[in-house]
Amino acid sequence: MEFRTYSSPHLPVSDSVPVMMQRVLLALLPGTICFTWLFGAGVIVNLLLASITALAAEAAMLKLRKRPVTTLLDGSALLTGVLLALALPPLTPWWIPVVGSLFAIVIAKQLYGGLGYNPFNPAMAGYVVLLISFPLELTLWSAPGMHMGLVDSVIYAFTGSLPEQQTLDALTSATPMDSIKTRLGLSETLSEIQGSALFGSFAGAGWEWINLWFLVGGLWLIKMRVIQWQIPVGMLLGLAGIAFVFHAFDPDSYSSPLFHVFSGAAMLGAFFIATDPVSACTTPRGRIYFGLGIGVLVYIIRTWGGYPDGVAFAVLLMNMAAPTIDHYTRPRVFGEKG
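This structure is a prediction, so every number in the text was calculated from the model and none was measured.

## So, the overall build of the chain
- A tally of helices and strands in the chain yields 15 helices and zero strands.
- On C-alpha atoms alone, the chain measures out to a radius of gyration of 21 Å, which is about the 20 Å that the 2.2 N^0.38 rule sets for 338 residues.
- C-alpha extents for the chain along the principal axes are approximately 70 × 50 × 40 Å.
- Looking at the chain as a whole, 49% of its 338 residues qualify as buried.
- For the chain, restricting intrachain contacts to residue pairs at least 6 apart in sequence, the fraction spanning at least 24 positions comes to 75%.
- In the form shown here, the chain has an accessible surface area of approximately 16800 Å², with 67% of it arising from carbon and sulfur atoms.
- Once the 17 positive and 18 negative side-chain charges of the chain are each reduced to a mean point, those two points are 19 Å apart.

## Observations concerning the packing of helix H14 (residues 284–304) against helix H15 (residues 311–328)
- Following both chains from N to C, one finds H14 and H15 inclined at 150°, their axes separated by 9 Å at the closest point. With respect to H15, the element H14 is oriented roughly antiparallel. Pair H14 / H15 crosses with right-handed handedness. Touching Arg285, Gly286, Tyr289, Phe290, Gly293, Ile294, Leu297, Val298 and Ile301 of H14 are Val311, Phe313, Ala314, Val315, Leu317, Met318, Asn319, Ala322, Ile325 and Tyr328, all from H15.

## Digging into the pattern of salt bridges
- Enumeration according to the criterion identifies three salt bridges in this entry.
- Close ionic contact of Glu188 with Arg183 constitutes a salt bridge, the shortest N to O distance being 2.8 Å.
- Glu188 gets classed as partly exposed once you look at its relative accessible area, which sits at 25%.
- For Arg183, a relative accessible area of 23% translates into the label partly exposed.
- Among the salt bridges present, the one from Arg302 reaches Asp309, with a minimum N-O distance of 2.9 Å.
- Of the residues examined, Asp309 reaches a relative accessible area of 21% and is grouped as partly exposed.

## Some remarks on helix H10 (residues 207–223)
- A rise of 1.5 Å per residue sets the reference length of H10, with its 17 residues, at 24 Å; its end C-alpha atoms lie 24 Å apart and thus fit the reference within 8%.
- Of the positions making up H10, those classed as buried are Trp207, Glu208, Ile210, Asn211, Phe214, Leu215, Gly217, Gly218 and Leu221.
- Buried residues along H10 sit in contact with helix H1 (17–39), helix H3 (76–86), helix H8 (176–184), helix H12 (257–261) and helix H13 (266–273).
- Phi turns positive, to about 60°, at Arg225, one or two residues after H10.

## Some thoughts on the packing of aromatic side chains
- A full pass over the atoms with the stated rule returns 17 aromatic pairs.
- When the centroid spacing of 6.0 Å and the interplanar angle of 45° are considered together, the rings of Phe35 and Trp207 count as tilted. On the criterion of sequence distance, the pair formed by Phe35 in helix H1 and Trp207 in helix H10 is long-range, its members being 172 residues apart.
- A ring pair is formed by Phe199 and Phe259, whose centres lie 6.2 Å apart and whose planes are at 40°; its orientation type is tilted. In this pair, Phe199 sits in the loop between helix H9 (190–193) and H10 while Phe259 sits in helix H12, placing the two residues 60 residues apart along the sequence. The same class applies to Phe199 as to Phe259, namely buried.
- Taken together, the ring pairs connect Phe35, Phe39, Trp141 and Trp207 into an aromatic cluster.

## A closer look at H1
- Compared with an ideal rise of 1.5 Å per residue, which puts 23 residues at 33 Å, H1 spans 31 Å between its outermost C-alpha atoms and is within 8% of the ideal.
- The sharpest bend along H1 comes to roughly 40°, located at Leu29, with the proline Pro30 sitting one to four residues further on.
- Looking at H1, one finds that the buried residues are Met21, Val24, Ala27, Leu28, Gly31, Thr32, Cys34, Phe35, Thr36, Leu38 and Phe39.
- Structurally, H1 contributes buried residues whose contacts are with helix H2 (42–64), H3, H10 and H13.
- Backbone geometry just after H1 places Gly40 at a positive phi near 95°.

## Digging into the side chain of Arg287
- You can see Arg287 is positioned in helix H14.
- One buried charged residue, Arg287, remains without a salt bridge, the closest side chain of opposite sign being Asp326 at 7.2 Å.
- Of the polar contacts made by the side chain of Arg287, one reaches the side chain of Gln230; its length is 3.4 Å.
- With residues up to four places along the chain from it excluded, the contact list for Arg287 reads Gln228, Gln230, Ile231, Cys281 and Thr282.

## Points about the nonpolar core
- Leu28, Tyr127, Phe272, Phe290 and Ile294 are the most contacted members of the largest nonpolar core, which has 79 residues in total.
- Here the element with the most residues in this core is H15; it accounts for nine residues.
- Setting aside residues no more than four positions away along its own chain, Phe290 makes contact with Ile231, Ala274, Ser279, Ala280, Cys281, Met318, Asn319, Ala322 and Ile325.
- Of all hydrophobic cores here, the second largest spans six residues; its members include Ala54, Ala57, Leu72 and Ala77.

## Structural notes on a nonpolar patch on the surface
- Taken together, Ile44, Leu48, Ile52, Trp94, Leu150, Val154 and Phe158 make up a surface patch of nonpolar side chains, about 640 Å² in accessible area.
- Broken down by secondary-structure element, the contributors of at least two residues to the nonpolar patch are H2 and helix H6 (150–159).
- Here Val154 shows up in helix H6.

Thresholds applied
Residues numbered from 1 in each chain as written. Predicted model: local features only at pLDDT ≥ 70, side-chain atom pairs only at ≥ 80, totals over all residues. Heavy atoms only, no water. Helix = DSSP H or I, 4+ residues; strand = E, 2+ residues; numbered from the N terminus. Rg over C-alpha atoms; globule rule 2.2 N^0.38 Å. Buried < 20%, exposed > 50% of the residue type's maximum accessible area, 1.4 Å probe, protein only. Contact = heavy atoms within 4.5 Å. Areas by Shrake-Rupley, 256 points an atom, 1.4 Å probe, with all protein chains shown as cover. Lys, Arg positive; Asp, Glu negative; His and termini not counted. Charge placed at Lys NZ, Arg CZ, Asp CG, Glu CD. Axes fitted to C-alpha atoms, helices over the stretch in contact; angles between N-to-C directions. Parallel < 35°, antiparallel > 145°, perpendicular 65-115°, else oblique. Left-handed = near helix turned anticlockwise from the far one by under 90°. Salt bridge = Lys/Arg side-chain N within 4 Å of Asp/Glu carboxyl O. Expected span 1.5 Å × (residues − 1). Phe/Tyr/Trp six-rings, centres within 6.5 Å; stacked < 30°, edge-to-face > 60°. Bend = angle between axes of the 7 residues up to and from the residue. Polar contact = N/O pair within 3.5 Å; in protein donor to acceptor, adjacent residues only side chain to side chain. Core = buried A, V, L, I, M, F, W, Y, C linked by side-chain atoms within 4.5 Å. Patch = residues over 30% accessible without salt bridge, like charges linked within 9 Å, V, L, I, M, F, W, Y side chains within 5 Å.

Structure below.
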């Protein structure tokens, strides 16, 4: 039997950037389907607008930089558009995903040199710009099951017109985390707040299922070795750990670890956003610290910050710390004294 030989390190490289991006997009599919089923066709509208804009912006910037447009096929721009769209409410105007994608690709990615050079996660950079600049438009979340069809969603996105006998107040509602933060400020207890229809068995109604499917997709990515386990485990442990401490101290004022892990963008952030190989830590020990830092920051922002969810801010803050963490967690070189 003849064995094929390769130059050092004597292993064939079976994966490439396009293959990795395709697998990440495939892993996002179960959670995206669940998201669309619960919150309506507005999710599809956001996905199309953000993805098309991201691809067009990437192509234009590559052309301006005199780089081969064929690199557009690596799938990174498409993934940026998809991740940004999944962070947006389903009832946003058309220009929200467009502006967010333009900033993510043009400013946060290409102006830094393109794929492999961006210090910040492009999708989260675009989302934070939208959240700070247009806070009202990013509160237009519909309640699970209270949504419009595809045609009505397209009409609303481009014209702002709703179907007859429907109002925006009837379609939209506060998210579970937003409701908790607001009503705790009115001196209500968690047991009173979580008795409403906004909440399911252990997290927000609908959100627990969305996060569960993103968890399934994320575990598949680990199994396929597209991502490493340290960042997702570190982030979820950091989030659940600090939530456990405060919940044990005062369960009527602080939500349970299970609620935090299966609410908002926790699973999407842990497996699909924080694991960005360019802007995250690269050393094994550094990835754990990176994930733990994100988890703790998410809890701090959710509990005491001005925003209901804090995944995007936490990721960007830890992106800034990633080079320093890598510097101090470099593994010992083989043969070198510790």
